[in-house]
Amino acid sequence: QAQANIILSLSLPINMADEPKVAVGSSQGELAHDTTPALKLCIQSLTGQTTTVEVMEKEEVYAVKARLAEVWDVPVRCQKIILGSTILEGKETLGECCAGMPPEVPIVLTFLYVPPYDGDVQKACEKHDVEAIRIVMKNRDREKNQVVPAGLAILMHKHLCKQRGWPRIREALTDLGYAGSDVDHAFAQLPEAPLPCYEEVLNQLGKDVVLAKEQPDYIKWWKTEPAWHQ
């Protein structure tokens, strides 16, 4: 079965209708319908919530985030949308992001809430960022209920790659597809002091182990299986 992975979380489905356009250069002034193919998205969050959405291929990721901000009450600046292991940015079109995927199969997107300043109110205060302070205070429960897998945490927060002694290094590397025993062996090859960082353990694994998987098996992260509801 062909599967594609994408994620976002909403409580209500969004239906988008094609809007008529005036055909450019038509002497008759006829209305022509936009024939750009539509994409079916199954959006899912790390808390297990799902929704479905239809968008046009030409729409940008940012436009999807803007609609999600209205429906799910999550500011655009706090949204991360992930397709497989790729973070989708605002100026890409959905058609570009999903090129080559079978149109009849719903595309599964991952939605992640990422608070400004990593949810640190003090940092937001130091920057006099009133909007960020308001967002963090309002969404504390949302962040608390969202369990972020280690492999995704590394993807979202690059500074963790060099953070020595990060307690989730082993978990992140097994998310990437390495066997736990291989990770333990890599740890053993490195000096005990200073404590190794994720990047050093990954480099050591690269010398000794051939990774069997091309991409992380993200499907195991979800509390419920992605589903397309007709």
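Residues numbered from 1 in each chain as written. Predicted model: local features only at pLDDT ≥ 70, side-chain atom pairs only at ≥ 80, totals over all residues. Heavy atoms only, no water.

**What about the overall build of the protein?**
Note the following rule: The helix count covers DSSP runs of H or I at least four residues long, the strand count covers runs of E at least two residues long, and both are numbered beginning at the N terminus. In this scheme, a residue with accessible area under 20% of its type's maximum is buried, one over 50% is exposed, and one in between is partly exposed, where area comes from a 1.4 Å probe on protein chains only. Whether two residues touch is decided by their heavy atoms; if any such pair falls within 4.5 Å, the residues are in contact. Accessibility throughout is a Shrake-Rupley quantity obtained with a 1.4 Å probe, and a residue counts as covered only by protein chains that appear here.
A tally of regular secondary structure across the protein gives nine helices and seven strands. Put simply, the protein has 230 residues, and 40% of those count as buried. Look at the contacts in the protein between residues 6 or more apart in sequence, and 67% of them connect residues 24 or more apart. Only carbon and sulfur atoms are counted for the fraction: they give 51% of the accessible area of the protein, which is about 13,200 Å².

**Quick look at the pattern of salt bridges**
Note the threshold: Salt bridges are identified by distance alone: a Lys or Arg side-chain nitrogen within 4 Å of an Asp or Glu carboxyl oxygen.
All told, the structure shown has eight salt bridges when counted by the stated rule. Between aspartate 129 and arginine 77 there is a salt bridge, and its shortest N-O distance comes to 3.3 Å. Of this pair, aspartate 129 sits in the loop between helix H3 (121–126) and helix H4 (130–138) while arginine 77 sits in the loop between helix H1 (61–72) and strand S5 (79–83), placing them 52 residues apart in sequence. The class for aspartate 129 is buried, based on a relative accessible area of 16%. Take arginine 77: its relative accessible area is 39%, and that puts it in the partly exposed class. Put simply, arginine 170 and aspartate 184 hold a salt bridge, and the shortest N to O gap is 2.8 Å. Pair noted here: arginine 170 is in helix H7 (residues 169–175) and aspartate 184 is in helix H8 (residues 180–189), with a separation of 14 residues, a long-range link. Residues participating in the shared-partner salt-bridge network are Arg77, Asp129 and Glu131.

**Some details on the pairing of strand S3 (residues 38–45)**
Here is the rule we go by: Being paired, for any two strands, means DSSP has found at least two bridges between them.
With six of eight residues buried, S3 lies mostly within the body of the structure. One ladder, built from seven bridges, connects S3 with strand S4 (residues 50–56); its direction is antiparallel. The residue of S4 that forms the bridge with alanine 38 is methionine 56. Count of turn residues in the S3/S4 antiparallel hairpin: four residues, of which glycine 48 carries a positive phi of about 95 degrees. Inspection of the sheet shows S3 paired to strand S7 (residues 107–113) by five bridges, in the parallel sense. Across the sheet, residue serine 45 finds its bridge partner in S7, namely phenylalanine 111.

**With respect to the confidence of the model for the protein**
Spelled out, the test is: Every residue is assigned a pLDDT by the predictor, reflecting its confidence on a scale from 0 to 100.
Averaged over every residue, the pLDDT of the protein is 74; the share at 70 or more is 73%. Confidence scores differ between elements of the protein, with strand S1 (residues 20–22) showing the lowest mean pLDDT of 34 and H8 the highest of 92. Counting contacts from residues 1–32, a segment whose pLDDT is below 50, to residues more than four positions away or on other chains yields 80 contacts.

**With respect to a negative patch on the surface**
This is how it is decided: What goes into a patch is any residue over 30% in relative accessible area without a salt bridge, connected to like charges within 9 Å or, for nonpolar side chains (Val, Leu, Ile, Met, Phe, Trp, Tyr), within 5 Å. Counting rule for charge: Lys and Arg are taken as positive, Asp and Glu as negative, and neither His nor the chain ends is counted. By convention, the charge on Lys lies at NZ, on Arg at CZ, on Asp at CG and on Glu at CD.
Taken together, the side chains of Glu60, Glu89, Glu92 and Glu96 present a region of like negative charge at the surface. Position of glutamate 60 among the secondary structure elements: in the loop between S4 and H1. What makes glutamate 60 partly exposed here is its relative accessible area of 36%.

**Points about unusual backbone geometry**
Here the bond from alanine 193 into proline 194 is cis, since omega is -5 degrees, no more than 30 degrees from zero. Locating proline 194 in the fold gives a position in the loop between H8 and helix H9 (198–208). In this structure, aspartate 118 is a non-glycine residue whose phi angle is positive, near 55 degrees. At histidine 128, a position not held by glycine, the phi torsion is positive, near 55 degrees. Residue placement: histidine 128 occurs in the loop between H3 and H4.

**Here's the deal with the nonpolar core**
Stated formally: The definition of a nonpolar core used throughout is a set of buried Ala, Val, Leu, Ile, Met, Phe, Trp, Tyr and Cys residues joined through side-chain atoms within 4.5 Å.
The biggest cluster of nonpolar side chains holds 22 residues, and the ones touching the most others in it are Leu39, Leu41, Val55, Leu83, Leu88, Leu94 and Leu109. At the level of secondary structure, the elements contributing two or more residues to this core comprise S3, S4, H1, S5, helix H2 (94–97) and S7. Discounting residues that sit within four places of it in the chain, leucine 39 has contacts with Val53, Glu54, Val55, Glu57, Leu94, Gly95, Cys98 and Ile107. Of all hydrophobic cores here, the second largest spans 17 residues; its members include Ala153, Cys161, Trp166 and Val201.

**What to know about the sheet that holds S7**
Rules: Here an angle of 0 to 180 degrees is reported between the N-to-C directions of two axes, which are lines fitted to C-alpha atoms, with helices fitted over the stretch in contact.
An order of S4-S3-S7-S5-S6 is seen for the five strands of this open sheet, with the pairing classed as mixed. Sheet topology places S4 and strand S6 (86–88) at the edges, where each strand pairs with a single neighbour. Strand-to-strand twist in this sheet, taken as the mean axis angle between neighbours without regard to direction, amounts to 35 degrees. Note that S5 and S7 share two bridges and pair antiparallel. The residue bridging glutamine 79 from the neighbouring strand is tyrosine 113, located in S7.

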